[in-house]
Each structure stands twice: as structure tokens, then as C-alpha cells.
Amino acid sequence: QVQLVESGGSLVQPGGSLRLSCAASRNIFSFYNMGWYRQAPGEQRELVATITTRDSTNYADSVKGRFTISRDNAKNTVYLQMNSLKPEDTAVYYCNAANIYGGMHYWGKGTLVTVSS
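Not measured: the values here are computed from a predicted model.

Let's talk about the overall build of the chain
So, point 1. Across its full length, the chain carries 0 helices and 11 strands.
So, point 2. Since a compact globule built from 117 residues should have a radius of gyration of about 13 Å, the 13 Å found for the chain is in line with a globular shape.
So, point 3. Here the C-alpha coordinates of the chain stretch approximately 40 × 25 × 25 Å along the principal axes.
So, point 4. Counting over 117 residues, the chain shows a buried share of 44%.
So, point 5. Carbon and sulfur atoms form 47% of the exposed surface of the chain, whose accessible area is close to 6,400 Å².
So, point 6. Computed over 11 positive and 8 negative side-chain charges, the separation of the two mean positions in the chain equals 7 Å.

Shown next as C-alpha cells:
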């Protein structure tokens, strides 16, 4: 079992920055690809960014150049640095861990990011 806990969500002004954290209950990064997803009210959950076990990254087109995903292996923590935030970034952000050898996924409970008008 893997437990994921997100933190860092808050209210922020348009153009501002925010850093989200995802803490894993144990060292999993050698066998799990990590990702950030988000879900706005009335919409489907969508991919924001991913980072593989080999540190390859991928971003949704809507956040390229503004968001950066990274991880600290010693702290078992994945981060999402969000800059130049827009109102359309408002959503609940979820952390995901996907086992590279199977279909097992783990999800955090989510953290709310609100970008004011």
C-alpha cells in the first residue's frame, strides 16, 4: 500500500505562484511514475504533469512554461511549482503514483487551488 498526501493548495492572485507537495508514505520512486492531475467543477480529471522513474517529464499544453514537476527522493516528495497562475487553473489538484510493471494506481485526497479574478 502507498499513501499520498497533497498539501500547499490555497487562494492566490492571478499571476501569482504556488508550490504543491505530495508526500509518499514510503520510498516508491524507483518503481512508480508520478503525476499531478486536476479537476475543475463540472469537468473531467485531466493530466497536468508527469515525471518518470528516469526523470523524464511531460506537461499539458495549457501549463507548459508555467508549471514544473520535480521530486526529492530523500524526502519521498513530489512537487508542482506553479507560476503565472490564471483563473482557469482553479481546481482540485491530485497526486498520482503508477506502478511501472502493472496497472496499480494510488491517489491522494487532493488539495484545492483557487486563483481569484
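Observations concerning the sheet that holds strand β3 (residues 18-24)
So, point 1. In spatial order, the strands read β1-β3-β8-β7; together these 4 strands make up an open sheet with antiparallel pairing. Since the sheet does not close on itself, it has two edges, and those belong to β1 (4-7) and β7 (67-72), each with one partner. In this sheet, neighbouring strand axes are inclined to one another by 15 degrees on average, regardless of whether the strands run parallel or antiparallel.
So, point 2. Sheet topology note: the β7/strand β8 (residues 77-82) ladder contains 6 bridges and is antiparallel. Bridge pairing links T68 to Q81 in β8.

Cut-offs used in this document
By convention here, each chain's residues receive numbers from 1 onward along its written sequence. Only residues with pLDDT of at least 70 are given local features in this predicted model, and only at 80 or more are side-chain atom pairs given and counted; all residues enter the totals for whole chains, interfaces and linings. Excluding hydrogens and water, the side-chain figures rest on all heavy atoms present in the structure. Secondary structure follows DSSP: runs of H or I at least 4 residues long count as helices, runs of E at least 2 residues long count as strands, and numbering of each begins at the N terminus. Atoms counted for the radius of gyration: C-alpha only. Globule rule: 2.2 Å times the number of residues to the power 0.38. Accessibility here uses a 1.4 Å probe with only protein chains present; expressed as a share of the type maximum, an area under 20% marks a residue as buried, one over 50% as exposed, and anything in between as partly exposed. Here the accessible surface of atoms and residues is derived via Shrake-Rupley with a 1.4 Å probe, and residues count as covered only by protein chains that are part of the display. Positive charge is attributed to Lys and Arg, negative charge to Asp and Glu, and no charge count is given to His or to the chain ends. By convention, the point assigned to a charge is CZ for Arg, NZ for Lys, CD for Glu and CG for Asp. In this scheme, strands are said to pair when DSSP sees at least two bridges between them. A fitted line through C-alpha atoms represents every axis, and for helices the fit uses only the stretch in contact; the resulting angles, taken between N-to-C directions, go from 0 to 180 degrees.

Everything listed here is a matter of coordinates, which is why it stays silent on function.
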